[in-house]
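Summary of structural features
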Amino acid sequence: MTLTLRNFFGMALVVVATGARLRAAERLEIVWPTPSTAWAEGKPIAAFLQQAGSGDPATGGFGGVRSGGTHFHEGIDIAAVKRDRQGEPTDDIFAAMNGVVRHINSSAGDSSYGRYIILEHPEATPAVYTLYAHLARIAPGVRAGERVERGQVIATMGHSSGGYSIPRDRAHLHFEIGVMITRDFQKWYDRKKFGSSNDHGPWNGMNLMGIDPLDFLNEWRAKRVNSFADYFAQMKPAVRVRVATLRTPDFVQRYPSLVTREMPVGLIAGWEMKCTWTGLPFAWTPLTTAEAAGLATLQPVIVEADAALLKSQRSRSVAVAHRGGSWSIGKDLETMLELIFGVR
């Protein structure tokens, strides 16, 4: 019975992935999520990114842009262009693409994101999420489960946050594009015993992995990519990891366009993942029994690493180098693997 289900699932996955590749060939339609026209006009980042207090607009970008390169920022901070007499931002926030509202946090103190909205975009390939954070208010009629259209007003920019404060003069939209790691986030969260409740279901920030929104938008504007599938396909691997398991993670089921080849006949014996320097698994290859030979079940192994790339990025711990050229799993990569495979 298990073999039949796995074969059936494998065949279905190939069909879905083929359809996804056809959709990926189409030109994505996306809009800038605020009224600012600076990015569309090709202006420098100082014209549209909100600096984080240092005065350097790069600190409003994605990656290791703060604290001398050691603090990771998983999104971009877009500055306000409109304010009322009290100096509060009044910028409308727009849905970047057609999508479905998956999560709304309307209580500012419940998350470091403050008030935030997450949209999922089933028409995109892969079906990424977008996140809109530090909001002043949610637009009337925007509810979880409802469809929204590209360019629709979903909120008003603010400076809400939980656990810290954002000065009014640095109000901004924190904007992310990315993928959800697992549907089973709550099991992992409970096992970790954080000491506080998870109020956000699988849309907790710890279960989300972002890409660089500005880099994607720049590549899209230049027509070097037409879709997220194009963008994921050109990502540079920092590590290549193999895991022996008979399971097909729900990540693969939700993002089948990231599978690099047809499923093997019979049981899948494991997976090989290519991961970016942030730990995002952007390419998945199913392993045959022969290819997984010698791997201990659910004991991930780094089979290749880009030492120069990993050394240049200090805000994430993906792999740790050892004498003799061997590598071990870094803490950020370990978290991703725990979430996806249940390993610990």
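Look a little higher up for the structure.
In short, a report on the structure. (Residues numbered from 1 in each chain as written. Predicted model: local features only at pLDDT ≥ 70, side-chain atom pairs only at ≥ 80, totals over all residues. Heavy atoms only, no water.)

Structural notes on the sheet that holds strand 13 (residues 270-275)
Here is the rule: Strands qualify as paired when DSSP identifies two bridges or more between them. Runs of H or I in DSSP of at least four residues are treated as helices and runs of E of at least two as strands, each being numbered from the N terminus. A fitted line through C-alpha atoms serves as each axis, taken over the contacting stretch for helices, and the angle formed by two N-to-C directions is quoted from 0 to 180°.
Here four strands make up an open sheet; going across it, the order is 14-13-12-15 and the pairing antiparallel. The open sheet is flanked by strand 14 (281-287) and strand 15 (301-305), the only strands paired with a single partner. Ignoring strand direction, the axes of neighbouring strands in this sheet form an average angle of 20°. Pairing of strand 12 (residues 239-244) with strand 15 involves four bridges; the strand directions are antiparallel. Bridge pairing in strand 15 places arginine 240 opposite glutamate 304.

Re the pattern of salt bridges
What counts, and what does not: Each salt bridge in this description consists of a side-chain nitrogen of Lys or Arg and a carboxyl oxygen of Asp or Glu lying within 4 Å of one another. Only protein chains enter the accessibility calculation, which uses a 1.4 Å probe; a residue whose area is less than 20% of its type maximum is buried, one above 50% is exposed, and one in between is partly exposed.
Under the criterion given, the structure shown has 17 salt bridges. As a salt-bridge pair, glutamate 272 and arginine 242 come within 2.6 Å of each other at their nearest N and O atoms. Of this pair, glutamate 272 sits in strand 13 while arginine 242 is found in strand 12, placing the two residues 30 residues apart along the sequence. The class for glutamate 272 is buried, based on a relative accessible area of 10%. We note a salt bridge from arginine 254 to aspartate 250, for which the minimum N-O separation is 2.8 Å. One end of the pair, arginine 254, and the other, aspartate 250, are both in helix 5 (residues 250-254), four residues apart, so they sit about a helical turn from each other. The exposure classification of arginine 254 matches that of aspartate 250, with both residues buried.

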